[in-house]
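Chain by chain, the residues run as shown.
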Amino acid sequence: MYDFFYGYAMSICLRYSRNREDAIEVLHDGFLKIFKNIGGFRIEGTGKQVLYPLQAWIKKIMIYTAIDRYRAQQKYSGQEDIHLHEHALYQAAPTPLDSMAYEELMGLVQALSPGYRAVFNLYVIDGFTHEEIAEKLGISSGTSKSNLARAREVLKKRLKKIDIRNPLGYAKR
Amino acid sequence: MPKDDLDQLFLDAADWFRPVQQPEDWTKMAALLDRRPARKLRPVAIALVFLALLAGGFLLVRSMHPTQAACPGCSSRLVQDHHAAVSRAAGVSARGKVAENAPLANPSPTAKSLSGSDRSFQSRGRVVPGGSPRHQVALTSSLGKNQPLVSAAGANAILATPSNPGTRSGVGLVQPGASPAAIPSGPMVLGGNAPIGVIPFNMPSIALEVFGRAPVSLSDQSPPVPKIRRPAMIRWQADLLLGPDLTLVTSSLWSNPGMDAGIRMSYHFSEKWQLESALLYSSKIYKALPSEYHPIQPYTGMPDLQQINANCRVIDLALDVRYNFKTTLGGTWFAEAGLSSYWMNREAYTFNYKSGGYPTSTSLAISNMDRHPLSILNLSAGYEFRLSRRVSWQVQPFLKLPLSGIGYGRVHLVSTGMLFSINYGL
């Protein structure tokens, strides 16, 4: 089960984490919850009838585990850490756009500050509303909207920088 | 780039992105799965620490009072082999016939216990210099009807006088500095089976020499004896505390016990009353139902919340009044009551809920957020085992009742448990 869902679960964890080490910790915390609660998972059927609900369940657990970690880290991480991290991103993103793979796009998301990253993931990729995000992250919905807008701005800027080096643009990939 | 295109770009990337598994990832996961929960070791750790506490107390007392600690029954047993040996080495000798069927607890060839079933054994004693501390010699005697029996101690001389002619049960105390006339003299007849006295030699310069058929002469050779002073009451006391702590919110949901550890200072107003202040670091582990959980800022997003598991670290500052209602030779029965203030040092909650019918959980960790001054009523009672004048240890079952909601969930946290402490009078 770990091997089967590794890629799927890890893709979620990486989006919510700053680096691979953090993502692995989230992944393992999530799998521990899955293994602990798998006895209560009751779906009758075969194939996709089981796979999709199970996948959805795993996704939810991974997202909530990542959010828990985000909330825990919020107590220890300050703004300085966030700015330093964003600065580090600009230094480490000289990749030509044409060769940019999904991994590198996810790297851009990873390089966002924790607050922006969490809101962007929850809203854009995982489809939560601002109200739900506000509840999960313990912030107001206004802050959630603001963080999303800023996250988009940061991502656009970074894509533009890459775009200058490669006139083909990311859209032509 | 329009924001919708941007969102779609990253959405597609997320959908198609599949990281490759590294071989060491499963190794880490397997290690996590194999790891035993740490809390299973907690009872063993508590037991070990408690045993270490007891052993430490015992060694401390033994180092302070080597003789008593090595032989706790000394005061009640009349004769011990080593006592007799030490007495002999200290200058106590006996001349006369030692009965073969001496009725002593532990007779041995080295024991110079004086006894005799025949009444022909007669003895008298005198105090001579050269004894060593804390020697005891037991005498058994068949005393003449009007003859007092005298034993000697460094600080006191114990005078045994037949309260009833023909028997040998009377014991009197010769006060230090008593006039020679107050101390009876005359021949002392020893024999028979009845143990009648113990002669402890507390002063280094005093020993007892027993001669056959010689007159008793204590008063003229007794050295000056210091006055007995009643020791001043120890006012301050410091305690080290340790014990299990069982926290309950719902009677039906039991958790593993946590642990309390800390220090306590006491001030003794009198023999009966004490004021105590304790600083405890407690782990409160409990389970609560959603109906008992009333957070000020509700942690929402869990539509079908089933249960909350909590593991909190609490700093408990207690102020109690203690009443010693019965003091015996070995210790003190007491009861105490007071109030505690809780400082929630760390709160970790796991919310177990169902999402779409599937069980899942999420957690929340809070540090140093909630403080509850004087919000807990402390009730306890126990027994303090006296090990020496300054050292004791005590067992103290306790009950802590909340006067308000505690922690993030404002739950009514009831704690009970047993505190073991080792106490030292300052």
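The sections below set out a description of the structure shown in this document. Predicted model, so just to flag it, every value in this text is computed and none were measured.

### Description of the overall build of chain B
Then, number 1: A tally of regular secondary structure across chain B gives 5 helices and 16 strands.
Then, number 2: Out of the 426 residues in chain B, the part that is buried amounts to 43%.
Then, number 3: Considering only contacts within chain B whose residues lie at least 6 apart along the sequence, 71% involve residues at least 24 apart.
Then, number 4: For chain B, the accessible surface area stands at approximately 21,500 Å², while carbon and sulfur atoms represent 61% of it.

### Brief notes about unusual backbone geometry
Working note: non-glycine residues mostly have negative phi, and peptide bonds are mostly trans.
Residues and elements named next belong to chain B.
Then, number 1: Phi is positive for Leu-374, which is not a glycine, with a value near 50°.
Then, number 2: By secondary structure assignment, the location of Leu-374 is in strand β14 (residues 371-386).
Then, number 3: One non-glycine residue, Arg-410, lies in positive phi territory at about 50°.
Then, number 4: By the element assignment, Arg-410 lies in the loop between β15 (391-402) and β16 (414-425).
Then, number 5: Classification of Arg-410 by relative accessible area gives partly exposed; the value is 23%.

### Describing the pattern of salt bridges
Then, number 1: In this structure the tally under the stated criterion is 15 salt bridges over all chains.
Then, number 2: Notably, a salt bridge pairs Asp-22 of chain A with Arg-69 of chain A, separated by 3.7 Å at the nearest N-O pair. Highlighted residues: Asp-22 of chain A in helix α2 (residues 20-37) and Arg-69 of chain A in helix α3 (residues 48-74), separated in sequence by 47 residues.
Then, number 3: Taking the relative accessible area as the measure of exposure, Arg-69 of chain A reaches 21% and is therefore partly exposed.
Then, number 4: Across the salt bridge formed by Asp-316 of chain B and Lys-400 of chain B, the nearest N and O atoms sit 2.8 Å from each other.

### Looking at the pairing of strand β9 (residues 258-268) of chain B
Regular strands have side chains that alternate between both faces of the sheet.
Residues and elements named next belong to chain B.
Then, number 1: The alternating pattern of β9 places Gly-258, Asp-260, Gly-262, Arg-264, Ser-266 and His-268 on a buried face and Met-259, Ala-261, Ile-263, Met-265 and Tyr-267 on a face that is not buried.
Then, number 2: As paired elements, strand β8 (residues 236-248) and β9 share 10 bridges and run antiparallel to each other. Across the sheet, residue Leu-242 finds its bridge partner in β9, namely Ala-261.

### Quick word on empty space enclosed by the protein
One simple way to see leftover space: roll a probe sized like a water molecule over the atoms.
Then, number 1: Applying the stated criterion to the full structure yields 7 cavities of 30 Å³ or more.
Then, number 2: Every residue lining the largest cavity is counted, 15 residues in all, and those nearest its centre are Asp-320, Glu-336, Gln-396, Lys-400 and Leu-419 of chain B.
Then, number 3: For the lining of the largest cavity, the elements supplying multiple residues, two or more each, are β10 (273-288), β11 (304-327), β12 (331-355), β14 and β15 of chain B.
Then, number 4: Of the residues contributing to the lining of the largest cavity, the split by class is 8 nonpolar, 3 polar and 4 charged.
Then, number 5: Here the second largest cavity is characterised by a volume of approximately 110 Å³.
Then, number 6: Along its surface, the second largest cavity is lined by Tyr-16, Ser-17, Arg-18, Asp-22, Val-26, Ala-66, Arg-69, Tyr-70, Gln-73, Pro-114, Arg-117 and Ala-118 of chain A.
Then, number 7: Contributions of two or more residues to the lining of the second largest cavity are made by α2, α3 and α6 (114-125) of chain A.
Then, number 8: Examining the composition of the lining of the second largest cavity, we find that 4 residues originate from one element, α3 of chain A, more than from any other.
Then, number 9: Here the lining of the second largest cavity is composed, by residue class, of 6 nonpolar, 2 polar and 4 charged.

Basis of the calculations
- Residues numbered from 1 in each chain as written.
- Chains lettered and ligands numbered in written order.
- Predicted model: local features only at pLDDT ≥ 70, side-chain atom pairs only at ≥ 80, totals over all residues.
- Heavy atoms only, no water.
- Helix = DSSP H or I, 4+ residues; strand = E, 2+ residues; numbered from the N terminus.
- Buried < 20%, exposed > 50% of the residue type's maximum accessible area, 1.4 Å probe, protein only.
- Contact = heavy atoms within 4.5 Å.
- Areas by Shrake-Rupley, 256 points an atom, 1.4 Å probe, with all protein chains shown as cover.
- Salt bridge = Lys/Arg side-chain N within 4 Å of Asp/Glu carboxyl O.
- Pairing = 2+ DSSP bridges.
- 1 Å grid on protein atoms, 1.4 Å probe; cavity = no way out; pocket = protein on both sides within 12 Å on 5 of 7 lines; lining within 4 Å.
- Points joined across faces, edges and corners; volume = space filled by probe spheres on them.
- Nonpolar A, V, L, I, M, F, W, Y, C, P; charged D, E, K, R; others polar.

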